[in-house]
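Take a look at the letters that make up each chain.
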Amino acid sequence: MTHAGEDLLAGYAAGTVEVAEVWSVEPHLMACARCRSVLSAHVDAGRLARNRSVLMVRAALGDAGRVRGLLCRCGVPDHLLRLLGATPSLRRSWLLSVLGVLAVVTAEAAAVRYGWVRASGPARSPEYRDAEVLAPFLLVAPLLVLAGVAAAFLPTFDPAFRLAVAAPFSGFTLLLVRSVCALAAALVPVVAATFLLPGPRWLPLALLLPSLALCALALAAATVLDPRAAAVTAGVLWAVPVLLLETAHGPLPIVQAHAQFACLAVLCACAVVLLARRDRFEWGWTR
Amino acid sequence: MTLDVSTAAVRVDGLSRRYGATRALDGVDLALERGITGLLGPNGAGKTTLLSILATVGEPDSGRVSVFGFDPRQAVQRVEIRRRLGYLPQELGYHRHFTVAAFLDYVAILKEITGRRRRAEEVARVLAAVGLETRARTRIRALSGGMRQRLGIAQALLGKPDLLVLDEPTAGLDPEQRLRFRELLSSLPGDPVIVLSTHQADDIAAICPHVVVLLQGQVQFTGTPAELAATAAGRVWAAGERDERAHLAWRGGDNRWRHVGDNPPAGAELVAPTVEDGYLLLSHAAGWR
């Protein structure tokens, strides 16, 4: 057997030989213990240890869940998924809680509408009753979306918030990425639930604008107020009109044409405020 | 030892910060050079406030800070400081569901290390530096307190920062880990500016060429550990019995009483002061209890 020259083995260990030579030397090394022994003298033990550590870390980082793996295959950047992994409202426990609340209000509405349980209060016309059973859902659904977005941007919910502040990554970008994904994640079950409700067919679409406006209002208000106060204010600004309208006219006016225009106006105004005051989300030393 | 303020890597001028009626920092002037500076002071002295301002997380009421010539009041320059910064807050929160490697990966992304390969190399490097390389797959909630502290130190080292701000980095570390931490800081490449706060005077004596003593929001001393120890020269005695007139007295390992104060006990022997003695006398003089 012809053995590989020591210069070739040294070059192979250092990674400086041509690809063709690598192809010829590797099969030989597989079969030749003597050349493997010569090669080992040229290998930098420290470099080997470092490479091994990097491989172990890459293996550890590759241990992604099924959803993460699927999103990776769909082309979502790996670093974006890692940032989203630190968003509480995108965690399974949060999403299950949202589904739980939606299941309760949806089931309650369906049970009353289809007569499985008797509605309390005075007897109403069938049309009024159909709309009335939607009231809890219309109150709760946009608030659930708001809660998801609030959990994505409130410092209270980020245990490593101070690290994020001290890092060069843009606070506004981080906020937008997390908020948009939390919004989408909460809207999917909310819209899906509306298909199970005994309401008008346009209801799934009618919930989108108020939910978006509410979240935009919370974010815009957070550029002026304490973020927690901003989220609570937005929630109150939804709950109070819903409850007042429900008492006077039934719950549906809050998602009908006039309200949709109002929500669109709020959404546009908040988007402008948010863009104009985005520096307020670069937390930390801001003066 | 006095530093040349005009050439210092980090400069702090007249920094003040209040929390309601409490004055956390009161006109602090500092100049930090490359190398390790230890910040010594009791709880409530303003150490954490000062470090959080240096890390651009906190904001002063008044005063100026310059880090490598960058002014943190300007948004663009603040980002430049953050690009050169490694920060370990006093109470670092963790995403407890993350694994050790995933948490470091997350912080690396926040530090703008977006390439997958480079992130893995950086994470492997800092894990090896703090001796956690075998814990890459462990969830943070399963780590002991000391391991979490090492993880905190590891994240601060990501990106090979030029300015390391470490708030009580040795808290929760066992004696061997503290020694390893000293070794780690001493062997960091690139001669970064390191400022660390601690209650451990022996940490300061062991690794810090510069010491700053902060009391009641004011700088009471800047110099070398030897100069701090020297402030207690002639005021530390060892005696067989306790003398009530001493500012502080405790029984040492040799079963003799060590007295720190101005009044020598009867039959006492003058002993060489330590950094701790100098610090105790300074804080006593400042009226700190």
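Residues numbered from 1 in each chain as written. Chains lettered and ligands numbered in written order. Predicted model: local features only at pLDDT ≥ 70, side-chain atom pairs only at ≥ 80, totals over all residues.

K.L.:
Give a detailed account of the overall build of chain B, specifying residues and quantitative values.
P.N.:
Each helix and strand counted, chain B has nine helices and 13 strands in total. Dimensions along the principal axes, computed over C-alpha positions, put chain B at roughly 70 × 40 × 35 Å. Classification of the 289 residues of chain B by burial places 46% in the buried group. By sequence separation, contacts in chain B at least 24 residues apart represent 67% of the contacts at least 6 residues apart. (Helix = DSSP H or I, 4+ residues; strand = E, 2+ residues; numbered from the N terminus. Buried ≥ 20, exposed ≤ 12 C-beta atoms within 10 Å, placed from the backbone. Contact = placed C-beta atoms within 7 Å.)

K.L.:
Quick rundown of the overall build of chain A? Include the residues and the values.
P.N.:
A count of helices and strands for chain A gives 15 helices and zero strands. Its C-alpha radius of gyration of 29 Å places chain A more than 25% over the 19 Å reference for a compact globule of 287 residues. When contacts within chain A are restricted to residue pairs at least 6 apart in sequence, long-range pairs at least 24 apart make up 76% of them. (Rg over C-alpha atoms; globule rule 2.2 N^0.38 Å.)

K.L.:
Talk me through the packing of helix α6 (residues 78–85) of chain A against helix α3 (residues 100–110) of chain B; I want residue IDs and the actual numbers.
P.N.:
At their nearest, the axes of α6 of chain A and α3 of chain B sit 9 Å apart, and the two run at 110° to each other. Regarding the angle of α6 of chain A to α3 of chain B, the classification is roughly perpendicular. Where α6 of chain A crosses over α3 of chain B, the two elements pack in a sense that is left-handed. Counted together, His79, Arg82 and Leu83 of chain A of α6 of chain A and Ala102, Asp105, Tyr106 and Ile109 of chain B of α3 of chain B form the full contact between these two elements. (Axes fitted to C-alpha atoms, helices over the stretch in contact; angles between N-to-C directions. Parallel < 35°, antiparallel > 145°, perpendicular 65-115°, else oblique. Left-handed = near helix turned anticlockwise from the far one by under 90°.)

K.L.:
Just give me the short version of the domain arrangement of chain B, but keep the residues and values in it.
P.N.:
For chain B, the assigned domains read domain 1 (1–84 + 161–224), domain 2 (93–160) and domain 3 (229–285). Placing a centre on the C-alpha atoms of domain 2 of chain B and another on those of domain 3 of chain B gives a separation of 44 Å. (Domains from an automatic or database assignment.)

K.L.:
Lay out the domain arrangement of chain A with the relevant residues and their values.
P.N.:
You can read the domains of chain A as domain 1 (6–63) and domain 2 (77–281). A C-alpha centroid distance of 56 Å is found between domain 1 of chain A and domain 2 of chain A.

K.L.:
Residue-level account of the nonpolar core, with values.
P.N.:
Residues and elements named next belong to chain A. Ranked by internal contacts, the top residues of the largest apolar core, which has 153 residues, are Val145 and Ala218. Ranked by the residues each element gives to this core, the list is headed by helix α9 (residues 135–153), at 14 residues. Look past the residues within four positions of Val145 in its chain and what remains in contact with it is Leu183, Ala186, Leu187, Val190, Ser211, Leu214 and Cys215. (Core = buried A, V, L, I, M, F, W, Y, C linked by C-beta atoms within 7 Å.)

K.L.:
Quick rundown of the sheet that holds strand β4 (residues 62–67) of chain B? Include the residues and the values.
P.N.:
All names here are of chain B. Spatially, the three strands line up as an open sheet ordered β2-β1-β4, and their pairing is antiparallel. Looking at the sheet topology across the chains shown, the edges are occupied by β2 (22–32) and β4. Strand-to-strand twist of the sheet, defined as the mean angle between neighbouring strand axes without regard to direction, takes the value 20°. Relative to β4, strand β1 (residues 10–19) runs antiparallel, the two sharing five bridges. Bridging from a neighbouring strand, Arg11 pairs with Ser66 of β4. (Pairing = 2+ DSSP bridges.)

K.L.:
Which residues make up the sheet that holds strand β5 (residues 85–88) of chain B, and what values go with them?
P.N.:
Residue and element names in this part refer to chain B. Spatial strand order, β5-β6-β7-β3-β8-β9: six strands in an open sheet with mixed pairing. With one partner strand each, in any of the chains shown, β5 and β9 (218–223) form the two edges of the open sheet. On average, adjacent strands in this sheet sit at an angle of 15° to one another, irrespective of strand direction. In this sheet, strand β7 (residues 193–198) lies alongside strand β3 (residues 35–40) in parallel orientation, the contact comprising six bridges. Looking at β7, one finds that Gly35 is bridged to Val193.

K.L.:
I'd like a description of the interface of chain A and chain B, backed by residues and values.
P.N.:
Reports of interface size often rely on the accessible area that becomes lost once the parts have come together. Taken together, the contact between chain A and chain B spans 30 residues of the former and 40 residues of the latter. Counting only elements with at least two residues in the side of chain A that touches chain B, the list comes to α4 (45–61), α6 and α10 (161–166) of chain A. Ranked by the residues each element gives to the side of chain A that touches chain B, the list is headed by α4 of chain A, at eight residues. Each residue belonging to the side of chain A that touches chain B can be placed in one class, and the counts come to 17 nonpolar, four polar and nine charged. (Nonpolar A, V, L, I, M, F, W, Y, C, P; charged D, E, K, R; others polar.)

K.L.:
Describe the environment of Arg256 of chain B, with residues and values.
P.N.:
All names here are of chain B. Structurally, Arg256 can be placed in the loop between β11 (248–251) and β12 (257–260). Remark: the alpha-carbon pair of Arg256 and Ala31, spanning 225 residues in sequence, is separated by 40 Å. Beyond its immediate sequence surroundings of up to four residues, Arg256 is in contact with Ala238, Ala239 and Gly240.

K.L.:
Break down the packing of α3 of chain B against helix α4 (residues 116–129) of chain B for me, with residues and values.
P.N.:
Residues and elements named next belong to chain B. Between α3 and α4, the shortest axis-to-axis distance is 10 Å and the interhelical angle comes to 120°. One element, α3, and the other, α4, form an angle in the oblique class. For the pair α3 and α4, the sense of crossing is right-handed. Two secondary-structure elements touch here, α3 through Ala101, Leu104, Asp105 and Ala108 and α4 through Arg119, Glu122, Val123 and Val126. When its residues are assigned to classes, the contact of α3 with α4 shows five nonpolar, no polar and three charged.

K.L.:
Lay out the confidence of the model for chain B with the relevant residues and their values.
P.N.:
All names here are of chain B. Scored by pLDDT, chain B has a mean of 90; 97% of the residues are at 70 or more. pLDDT under 50 marks residues 1–5. Its contacts with residues more than four places away, or in other chains, come to eight contacts. ipTM for the predicted complex: 0.85, alongside a pTM of 0.84. (pLDDT = per-residue confidence, 0-100.)

K.L.:
Could you give an account of unusual backbone geometry, with specific residues and numbers?
P.N.:
All names here are of chain B. Positive phi is not limited to glycine here, since Glu112 has a value of about 65°. Residue placement: Glu112 occurs in the loop between α3 and α4. Notably, Asp191 is not glycine yet its phi reads approximately 50°, a positive angle. Take Asp191: it is sitting in the loop between α6 (175–186) and β7.

K.L.:
Describe in detail the pairing of strand β10 (residues 236–239) of chain B, supporting the description with residues and values.
P.N.:
Pairing between β10 of chain B and β12 of chain B: four bridges, direction antiparallel. Its bridge partner lying in β12 of chain B, Ala239 of chain B is registered against Trp257 of chain B.

K.L.:
Before we move on, can you summarise helix α2 (residues 75–83) of chain B with the specific residues and values?
P.N.:
Restricting attention to buried positions, one finds in α2 of chain B the residues Arg78, Ile81 and Arg82 of chain B. Down the axis of α2 of chain B, the buried set is contained in an arc of 100°. They therefore lie on one face. Where α2 of chain B is buried, its residues contact α10 of chain A together with β4 and β5 of chain B. (Arc of directions from axis to C-beta.)

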